[in-house]
Amino acid sequence: QKEVEQNSGPLSVPEGAIASLNCTYSDRGSQSFFWYRQYSGKSPELIMFIYSNGDKEDGRFTAQLNKASQYVSLLIRDSQPSDSATYLCAVKVGGTSYGKLTFGQGTILTVHP
Amino acid sequence: GAVVSQHPSWVICKSGTSVKIECRSLDFQATTMFWYRQFPKQSLMLMATSNEGSKATYEQGVEKDKFLINHASLTLSTLTVTSAHPEDSSFYICSATYTGELFFGEGSRLTVL
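Residues numbered from 1 in each chain as written. Chains lettered and ligands numbered in written order. Predicted model: local features only at pLDDT ≥ 70, side-chain atom pairs only at ≥ 80, totals over all residues. Heavy atoms only, no water.

(A) Spotlight on the state of the cysteines. For the structure shown, the criterion picks out two disulfides over all chains. Disulfide pairing is shown between Cys23 of chain A and Cys89 of chain A; the S-S distance is 2.1 Å. When the S-S torsion is -75 degrees, as for the bridge of Cys23 of chain A with Cys89 of chain A, the disulfide is left-handed. Linking Cys23 of chain A in strand β3 (residues 19-25) with Cys89 of chain A in strand β9 (residues 85-93), this pair joins segments that are 66 residues apart in sequence. Residue classification places Cys23 of chain A among the buried positions, given a relative accessible area of 1%. Judged by relative accessible area, which is 0%, Cys89 of chain A ranks as buried. Here Cys23 of chain B engages in a disulfide with Cys94 of chain B; their sulfurs sit 2.0 Å apart. (Disulfide = S-S within 2.5 Å. Helix = DSSP H or I, 4+ residues; strand = E, 2+ residues; numbered from the N terminus. Buried < 20%, exposed > 50% of the residue type's maximum accessible area, 1.4 Å probe, protein only.)

(B) Inspection of the environment of Leu110 of chain B at higher detail. All names here are of chain B. By the secondary structure assignment, Leu110 is in strand β11 (residues 108-112). Overall, Leu110 belongs to the buried group, its relative accessible area being 2%. Residues Leu110 and Pro86, spaced 24 residues apart in sequence, show a C-alpha to C-alpha distance of 9.4 Å. In this structure, Leu110 is in contact with Val11, Cys13, Val19, Val81, Asp88, Ser89, Ser90 and Tyr92, ignoring residues within four places of it in sequence. (Contact = heavy atoms within 4.5 Å.)

(C) The layout of surface pockets, seen in detail. Considering only enclosed or pocket space, the largest pocket measures out at about 600 Å³ in volume. Together, 26 residues line the largest pocket, and Glu3, Leu101 and Thr102 of chain A together with Met45 and Leu46 of chain B are the ones closest to its centre. Among the elements of the structure, β9 and β10 (102-103) of chain A together with β4 (32-38) and β5 (44-51) of chain B are those that each provide at least two residues to the lining of the largest pocket. If you tally residues by element for the lining of the largest pocket, the top one is β5 of chain B, at four residues. (1 Å grid on protein atoms, 1.4 Å probe; cavity = no way out; pocket = protein on both sides within 12 Å on 5 of 7 lines; lining within 4 Å. Points joined across faces, edges and corners; volume = space filled by probe spheres on them.)

(D) Main features of the interface of chain B and chain A. The interface of chain B with chain A comprises 19 residues on the first partner and 16 residues on the second. For the chain B and chain A pair, buried surface summed over both sides reaches about 1,300 Å², with 58% attributable to carbon and sulfur atoms. At the boundary of chain B with chain A, the tally comes to one salt bridge. A salt bridge links Lys100 of chain A to Glu59 of chain B; the nearest nitrogen and oxygen atoms lie 3.4 Å apart. Scanning the region where chain B abuts chain A turns up six residue pairs in polar contact (both at pLDDT 80 or more). For the side of chain B that touches chain A, the elements supplying multiple residues, two or more each, are β4, β5, β9 (90-98) and β10 (101-104) of chain B. (Buried area = accessible area lost by both parts, 1.4 Å probe. Salt bridge = Lys/Arg side-chain N within 4 Å of Asp/Glu carboxyl O. Polar contact = N/O pair within 3.5 Å; in protein donor to acceptor, adjacent residues only side chain to side chain.)

(E) Broad picture of the pairing of strand β6 (residues 54-58) of chain A. Residue and element names in this part refer to chain A. For β6 and strand β7 (residues 61-66), the ladder comprises five bridges, and the chain directions are antiparallel. Note on β7: the bridge partner recorded for Asp58 is Phe61. In textbook terms, the turn of a hairpin is the stretch between consecutive antiparallel strands, and for β6 and β7 this stretch comprises two residues, one of which, Gly59, has a positive phi near 65 degrees. (Pairing = 2+ DSSP bridges.)

(F) A look at empty space enclosed by the protein. Residue and element names in this part refer to chain A. One pass over the full model with this rule turns up one cavity of 30 Å³ or more. Size it by volume and the largest cavity reaches roughly 50 Å³. Contributing to the lining of the largest cavity are Glu3, Val4, Tyr25, Ser26, Asp27, Ser30, Val91, Val93 and Thr102. Looking at side-chain class alone, the lining of the largest cavity contains four nonpolar, three polar and two charged residues. (Nonpolar A, V, L, I, M, F, W, Y, C, P; charged D, E, K, R; others polar.)

Put into C-alpha cells, the structure is as follows:
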C-alpha cells in the first residue's frame, strides 16, 4: 500500500464547477497535510495546509481532514481553466522536519471552458 | 514568502560526466535544505536532507556517493550528480523551510544522453 494515495485521474470538470480531489494516507502518526499545485514543467506551489480535523477554507479552496478515516480532500469551487494542473497531496509525519514530506502521485485536473 | 532559487534550470550532459546544481535561499538563511527528485509523470520523492556545516542525510535507496551534497553556507546547497547516466535524467527540486512552510526552487531538469 502506498503511503499517500490520491484518487486516480485525470479529472475533468467544466468551468464554474466544483472539483473534488481526494487523498488517503497510511501513517496514523501523520500530523500535517498539504495540497500543492504543480503546473507542467514547474515546481510545486503550496495551496493550503491543514492540521486539525474539519474544514479549512481559503478563497475558492476548501481542505477537509478526517484523521479517523485517514483522509484529506481539496475542493475547488468555481473552477477556472487556470486551475488546470497536477494537484499533489503531501503529508508530514509527526516528529519529522517540515521539509520531509511524503507526496502522493498527483491528480491531473483539467478545467474546460 | 521566502524565495528559493535553483541554477541551472535545465542541463543536458553526456553519460559519464558530472553535473552540479545549485540551490540558494535568497532572502532567508536555511540551515537545512531538502533535495527532491521527480521522474516524468511521477510524484516527488525526497532524496536527501542537506545540513549546513555537516553531512547530508540520505533517504533509503539513494546513493550518497553518486549524489554528492554540499551545504557550505546558510544560503547555498549544491547537488552534484556524479558519473551521470540516462536513468538519472529527472527533475531535481530543492526546497527549504521558512516559518514552518516549505518553499521550492524552480527545479532543474537534467537530461543525460
